[in-house]
Amino acid sequence: MGKVLKHGVKVSTYDKGFLHSKLVIVDSKVVSVGSANFNQRSFSKDYEITSIVYNQNTVRQFEQIFFKDIKSS
């Protein structure tokens, strides 16, 4: 992890339980949220799912949740 930290990546750890979901927000316009890992097993064998959402109201809601979780990290 040291290499990415040198390039400005910020890492937060969530201490209020276990979060399995993965969340990506792009330019406050699109959100990707789900449980799938980015590997071959998740794509072909595991029963996990990820959604891509373009609805602006939903994207804002996910941003609010994300920043609330960051405050608890």
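On to the confidence of the model for the protein chain, then. With 100% of its residues at a pLDDT of 70 or more, the protein chain shows a mean pLDDT of 89. Averaged over each element, pLDDT in the protein chain is lowest for helix H2 (residues 40-44) (80) and highest for strand S2 (residues 30-34) (96).

Okay, the layout of surface pockets next. A volume near 360 Å³ is recorded for the largest pocket. Counting only elements with at least two residues in the lining of the largest pocket, the list comes to strand S1 (22-26) and helix H3 (56-71). In the lining of the largest pocket, the residues fall into eight nonpolar, four polar and two charged.

On the secondary structure map, Glu48 appears in the loop between H2 and strand S3 (50-53). C-alpha separation for the pair Glu48 and Ala36, spaced 12 residues apart in sequence, amounts to 5.0 Å. Excluding anything up to four places from it in sequence, Glu48 contacts His20, Ser35, Ala36, Asn37 and Ser42. Only 3.1 Å separates the side chain of Glu48 from the side chain of His20, close enough to count as a polar contact.

Under the criterion given, the structure shown has one salt bridge. Arg41 serves as the salt-bridge partner of Asp46, at 3.0 Å between the closest nitrogen and oxygen. We classify Asp46 as partly exposed; its relative accessible area is 24%.

Here we come to H3. Here H3 spans 23 Å end to end across 16 residues, near enough to the 22 Å set by a 1.5 Å rise per residue. At the N-terminal end of H3, a side-chain oxygen is found 3.0 Å from the backbone nitrogen of Asn57, two or three residues along, and the residue is Asn55.

Bringing the pairing of S1 into the picture now. Pairing of S1 with S2, which is carried by five bridges, proceeds in the antiparallel orientation. Counted as the bridge partner of Ile25 is Val31 from S2. The loop that links S1 with its antiparallel partner S2 comprises three residues; one of these, Asp27, has a positive phi angle of about 50 degrees.

Reading the values: the criteria
- Residues numbered from 1 in each chain as written.
- Predicted model: local features only at pLDDT ≥ 70, side-chain atom pairs only at ≥ 80, totals over all residues.
- Heavy atoms only, no water.
- pLDDT = per-residue confidence, 0-100.
- Helix = DSSP H or I, 4+ residues; strand = E, 2+ residues; numbered from the N terminus.
- 1 Å grid on protein atoms, 1.4 Å probe; cavity = no way out; pocket = protein on both sides within 12 Å on 5 of 7 lines; lining within 4 Å.
- Points joined across faces, edges and corners; volume = space filled by probe spheres on them.
- Nonpolar A, V, L, I, M, F, W, Y, C, P; charged D, E, K, R; others polar.
- Contact = heavy atoms within 4.5 Å.
- Polar contact = N/O pair within 3.5 Å; in protein donor to acceptor, adjacent residues only side chain to side chain.
- Salt bridge = Lys/Arg side-chain N within 4 Å of Asp/Glu carboxyl O.
- Buried < 20%, exposed > 50% of the residue type's maximum accessible area, 1.4 Å probe, protein only.
- Expected span 1.5 Å × (residues − 1).
- Pairing = 2+ DSSP bridges.

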